[in-house]
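Residue-level structure breakdown
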Amino acid sequence: MLTKELLSEYIDAGAAKRKADMAILGGTLINVNTSEYYQADVAIYKGKIVAVESDISDYIDEHTQKIDATGKYLAPGLIDCHIHVECSKMSMTRFAQAVVPHGTTSIVSGLDEYISVIGVDGLKAIFEEVDASPLKVFWALPYKTPYTIPVSTIAYNVTAKDHAKYHQDPRCYGIWELVREAVQTKDPDTMEALVLAQKYHRPIFGCSPLATGKALNEYLMSGVRVDHESYDHEEFLEKARKGIHTIIRESAVTKFLKENVRAITEGAPGMARHTSFCSDDVNARGILKEGHIDHMIHLAIAAGVEPMTAIQMATINAAEAYQIDDHVGSIAPGKDADILLVDQPGTFQVETVISKGTLVTENGENKFHYVIPERTDDLLHTVQHTPLTADDFAYHVDLDEGTAVVETINSIGPFMRKRRDVELEVRGGIVCPSAEKDVALVSVIERYGLNGNMSKGFISGWSFQKGAIATTAAPDDNNLVVAGANYEDMALAANTLIEQGGGQIVVIDGKIVSFLPLPIAGIASDLSPEELAAKENELDNAAKAIGSRLPDPIFYLSFLPITAIPDLAITDGGNVDYTKLSYFDPILELKK
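Just so we're clear, the structure is a prediction, and the values are computed from it rather than from any experiment.

1. Quick look at the nonpolar core
Of all hydrophobic cores here, the largest spans 102 residues; its most connected members are F95, Y114, W139, F277 and I469. Looking at which domains feed residues into this core, each of domain 2 (75–323) and domain 3 (377–589) gives three or more. Discounting chain neighbours no more than four positions away, the residues touching Y114 are E86, S91, M92, G119, L123, I126, I520, A521, I523 and A524.

Here it is in structure tokens:
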């Protein structure tokens with residue numbers, strides 16, 4: 001925390017009256033402020049950059065740690081503009097261990113998945129963990145939780161009272177992920193939160209997929225500043241033309257960069273200066289294989305974006321969009337000492353990382369000691385439910401024998417679900433799933449011990465032939481989601497996760513084929529990135545063994561409760577039609 005005494009030290013260090021702790025010598029600066037490349041040395045004192053000059057000899061003494069950057073380029077630390085860290089299933093420490101070596105030194109996050117389980121006050125332990133890591137988290141308070149419309153069950157609901165409290169907290173940097181539906185319906189808590197944001201000059205971070213024309217104009221009247229959800233380059237360009245700081249998303253399963261960057265390369269090149277990058281949702285295996293924000297720089301350059309422009313999109317643009325450029329985004333006096341040594345702008349291979357003024361990796365070799373904190377009971381025992389039976393998952397109807405026409409949630413992409421009506425057999429008063437017709441069962445179970453809600457419905461597009469899969473990591477409410485073709489396997493999957501305090505699982509013919517424990521709030525693990533990636537591959541292979549043809553069945557499953565994904569979803573409250581913002585009955589017709 002900055003004090004008058006520390007500020008006085010920084011001022012003296014800027015005047016070379018106090019000598020630098022670290023000096024980076026002989027490198028070529030990538031100046032994202034002026035779009036220039038030139039030789040410059042950098043002096044660092046107590047985590048801050050105090051000088052960027054052609055000669056910093058006055059700032060150095062025998063105690064200064066010297067980093068030789070000869071032949072290298074100096075880039076600012078990269079920023080992920082919008083990410084749900086919890087969806088990676090990595091604890092904050094393990095996430096830092098995965099992404100910082102790739103040059104990501106700052107992220108913007110609502111930590112909303114943690115909030116749904118442990119509340120806002122529960123974030124104290126998470127912030128302490130972040131502070132001990134080399135990664136910065138610029139936190140924004142969710143506009144409201146739960147995000148689901150109609151409201152689903154979570155352990156803690158964020159209201160306007162939280163905004164009145166936390167917008168005065170120095171850790172809070174804005175309002176997180178304002179969805180268009182909350183503006184459209186003029187939700188009272190949301191309206192009050194937006195007024196408070198303007199009162200305290202807090203930026204509003206948006207989420208408005210498929211919003212154009214009048215719908216976009218309506219949404220922009222909320223005061224939203226940035227948006228990370230555009231499904232095509234025309235939507236992306238319209239948002240930019242209307243003053244939004246646009247964010248290109250390239251997540252584990254939603255690959256939008258190639259399409260959205262066309263707004264720059266084919267549309268309006270000038271909008272690049274107001275465009276940034278985010279990953280939104282990533283996993284360990286993807287990071288280890290491809291990288292993180294550095295991967296987006298590579299993709300943008302390959303798509304025709306100039307290297308300097310791509311680097312600006314990953315640094316200064318992001319910092320300015322989220323109003324954190326007084327801390328990060330460029331290599332300049334007064335900014336945090338987050339600096340990368342890369343081979344050259346066009347290939348951007350990160351070799352050395354300095355974050356928070358500390359040498360984290362040097363020439364690809366780890367120099368940081370990552371310490372896993374001791375986990376408290378309130379983080380480790382969050383799944384509360386009595387055991388379930390196979391019959392709990394059967395869909396009972398008031399017809400003994402015949403057929404039922406059902407409305408299924410048909411997954412046609414990771415962020416698109418459409419209606420598909422199918423006629424299924426009814427036997428003994430139960431609607432039967434059908435592998436031949438590509439219809440499986442799905443259920444969402446409230447797992448906080450609050451009301452015992454359990455919804456049931458039907459999914460298609462999954463090609464399930466047998467077995468079941470389940471997860472307690474399922475934004476936005478992180479309830480227990482189970483899908484499958486066999487009631488007994490669904491019960492075994494659910495009960496295992498209840499007994500083990502959370503995780504992800506695949507069950508086939510009464511046997512647990514793969515199980516990933518997620519003991520931290522039922523959504524995260526302290527496994528190393530390499531260990532977690534191996535378990536992700538195992539889970540994926542097991543899920544595909546039940547017949548699923550989806551690229552990542554567990555990931556798709558975890559996203560089924562997100563009501564903001566058009567058009568259909570399912571929460572513990574029931575099946576949801578996004579277009580009407582209301583529940584629907586999946587049983588359309590019963591026939592004798």
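2. So, the pattern of salt bridges
Summed over all chains, the structure comprises 31 salt bridges. With a shortest N-O distance of 3.2 Å, E259 and R262 are connected by a salt bridge. R375 is paired through a salt bridge with D526; the nearest N and O atoms lie 2.8 Å apart. With R375 in the loop between β19 (365–366) and α16 (377–380) and D526 in the loop between β29 (511–517) and α18 (529–545), this pair connects stretches of sequence that are 151 residues apart. Taking relative accessible area as the criterion, R375 reaches 15% and is therefore assigned buried. Residue classification places D526 among the partly exposed positions, given a relative accessible area of 22%.

3. A word on the UniProt feature "domain: Amidohydrolase-related" (unreviewed entry) in the protein
In the numbering adopted here, UniProt assigns the feature "domain: Amidohydrolase-related" (unreviewed entry) to residues 73–360. Between the C-alpha atoms that bound residues 73–360 the distance is 17 Å, and the span itself is 36% helix and 19% strand.

4. Some words on helix α1 (residues 4–14)
For α1, every residue scored as buried is listed here: L6, E9, Y10 and A13. All buried residues of α1 lie within an arc of 100° about the axis, which places them on one face of the element. With respect to the buried face of α1, the exposed residues turned more than 90 degrees away are K4 and I11. Immediately beyond the C-terminal end of α1, within one or two residues, lies A16, with a positive phi of roughly 65°.

5. A look at the sheet that holds strand β6 (residues 65–68)
One open sheet holds the four strands; their spatial order is β5-β4-β1-β6, and the pairing between them is mixed. Among the strands making up the open sheet, the edge pair consists of β5 (48–53) and β6. Across the sheet, the mean angle from the axis of one strand to that of its neighbour is 20°, orientation sign disregarded.

6. Quick word on the packing of aromatic side chains
Overall, the coordinates contain 13 aromatic pairs when judged by the stated rule. Considering the side-chain rings of Y10 and Y45, the 6.2 Å spacing of their centres and the 90° angle between planes classify their relative orientation as edge-to-face. Of the two residues, Y10 is situated in helix α1 and Y45 in strand β4 (residues 41–45); the sequence distance between them amounts to 35 residues. For the pair shown, Y10 and Y45 are each scored as buried. Centroid distance Y143 to Y147: 5.5 Å. Interplanar angle 10°. Geometry classified as stacked.

7. As for the layout of surface pockets
In this structure, the largest pocket spans a volume of roughly 960 Å³. Lining the largest pocket are 21 residues, with M1, K136, Y173, H327 and D336 sitting closest to its centre. Contributions of two or more residues to the lining of the largest pocket are made by α1, α4 (123–131) and β10 (136–142). In terms of residue count, the dominant contributor to the lining of the largest pocket is β10 (four residues). In this model, the second largest pocket occupies a volume close to 400 Å³. Those elements giving two or more residues to the lining of the second largest pocket turn out to be α12 (284–290) and α13 (293–302). A total of five residues in the lining of the second largest pocket trace back to one element, the largest contributor, which is α12. A class-by-class count of the residues in the lining of the second largest pocket yields six nonpolar, seven polar and six charged.

8. A word on the sheet that holds strand β9 (residues 104–109)
With parallel pairing, the eight strands of this open sheet are ordered in space as β8-β9-β10-β11-β12-β13-β14-β15. Each edge of the sheet is formed by a strand with only one pairing partner; in this case those strands are β8 (78–80) and β15 (275–278). In terms of strand pairing, strand β14 (residues 245–249) meets β15 through four bridges, oriented parallel. Considered in β15, the bridge of R249 is made with C278. Contacting β13 (226–227), β14 and β15, helix α9 (residues 233–241) runs over the sheet at an angle of about 155° to β14.

9. Structural notes on the pairing of strand β24 (residues 439–445)
Most of β24 is tucked away, with seven of its seven residues classed as buried. Neither face of β24 is open: one carries V439, L441, S443 and I445, the other A440, V442 and V444, and all of them are buried. In this structure, β24 lies alongside strand β25 (residues 454–460), joined through seven bridges in antiparallel fashion. By the bridge assignment, V444 is partnered in β25 with S455. Pairing analysis gives five bridges linking β24 to strand β27 (residues 480–484), with the strands arranged antiparallel. Bridge pairing links I445 to L480 in β27.

10. Observations regarding the UniProt feature "domain: Adenine deaminase C-terminal" (unreviewed entry) in the protein
The sites that carry the UniProt feature "domain: Adenine deaminase C-terminal" (unreviewed entry) are, in the present numbering, residues 417–580. Along residues 417–580, the helical share is 23% and the strand share 35%, with 14 Å between the first and last C-alpha atoms.

11. Re the pairing of β27
Remark: a regular strand shows side chains that alternate across the two faces of the sheet. Counting buried positions along β27 yields five of five residues, so the element is predominantly enclosed. Here β27 shows a buried face lined by L480, V482 and G484 and a second buried face lined by V481 and A483.

12. Remarks on the side chain of S251
In this fold, S251 is placed in the loop between β14 and α10 (257–260). For S251, a relative accessible area of 4% puts it in the buried group. Polar side-chain contacts of S251 include one of 2.2 Å to the side chain of T254.

Conventions adopted
Throughout this description, residue numbers start from 1 for each chain and increase along the sequence as written. Per-residue local features of the predicted model are confined to residues with pLDDT of at least 70, and side-chain atom pairs are confined, for both listing and counting, to 80 or more; whole-chain, interface and lining totals are unaffected and use all residues. Side-chain descriptors were evaluated using all non-hydrogen atoms of the structure, hydrogens and water having been removed beforehand. The set of buried Ala, Val, Leu, Ile, Met, Phe, Trp, Tyr and Cys residues whose side-chain atoms join them within 4.5 Å is what this entry labels a nonpolar core. The buried label goes to any residue with under 20% of its type's maximum accessible area, the exposed label to any with over 50%, and the partly exposed label to all in between, with areas taken from a 1.4 Å probe on protein chains only. Domain start and end points were adopted from an automatic or database domain assignment. By the convention used here, residues are in contact when the closest approach between their heavy atoms is within 4.5 Å. A carboxyl oxygen of Asp or Glu within 4 Å of a side-chain nitrogen of Lys or Arg is what we treat as a salt bridge. Each helix corresponds to a stretch of at least 4 residues labelled H or I by DSSP, and each strand to a stretch of at least 2 residues labelled E; elements are numbered beginning at the N terminus. UniProt positions are given in the numbering used here, feature names are shortened, and annotations may be inferred rather than shown by experiment. Taken from the helix axis, the directions to the C-beta atoms give the arc we talk about. When DSSP finds two or more bridges between a pair of strands, those strands are recorded as paired. Axes, fitted as lines to C-alpha atoms, cover a helix only where it is in contact. Angles between the N-to-C directions of the axes lie from 0 to 180 degrees. The aromatic pairing rule takes the rings of Phe, Tyr and Trp, using the six-membered ring of Trp, and pairs them if the centres are within 6.5 Å, calling planes under 30 degrees apart stacked, those over 60 edge-to-face and the rest tilted. Lining residues are defined by having an atom within 4 Å of a point belonging to a cavity or pocket. Those points lie on a 1 Å grid over the protein atoms alone, cavities being sets where a 1.4 Å probe fits but cannot get out and pockets being open sets with protein on both sides within 12 Å along at least five of seven lines. Grid points are joined across faces, edges and corners, and a volume is the space filled by probe spheres set on the points. All amino acids are sorted into three groups, where Ala, Val, Leu, Ile, Met, Phe, Trp, Tyr, Cys and Pro are nonpolar, Asp, Glu, Lys and Arg are charged, and the leftover types, Gly among them, are polar. Each polar contact in these results corresponds to two N or O atoms within 3.5 Å; when the atoms are within protein, one needs to be able to donate a hydrogen and the other to accept it, and residues that are neighboring in sequence are counted only if both atoms are side-chain atoms.

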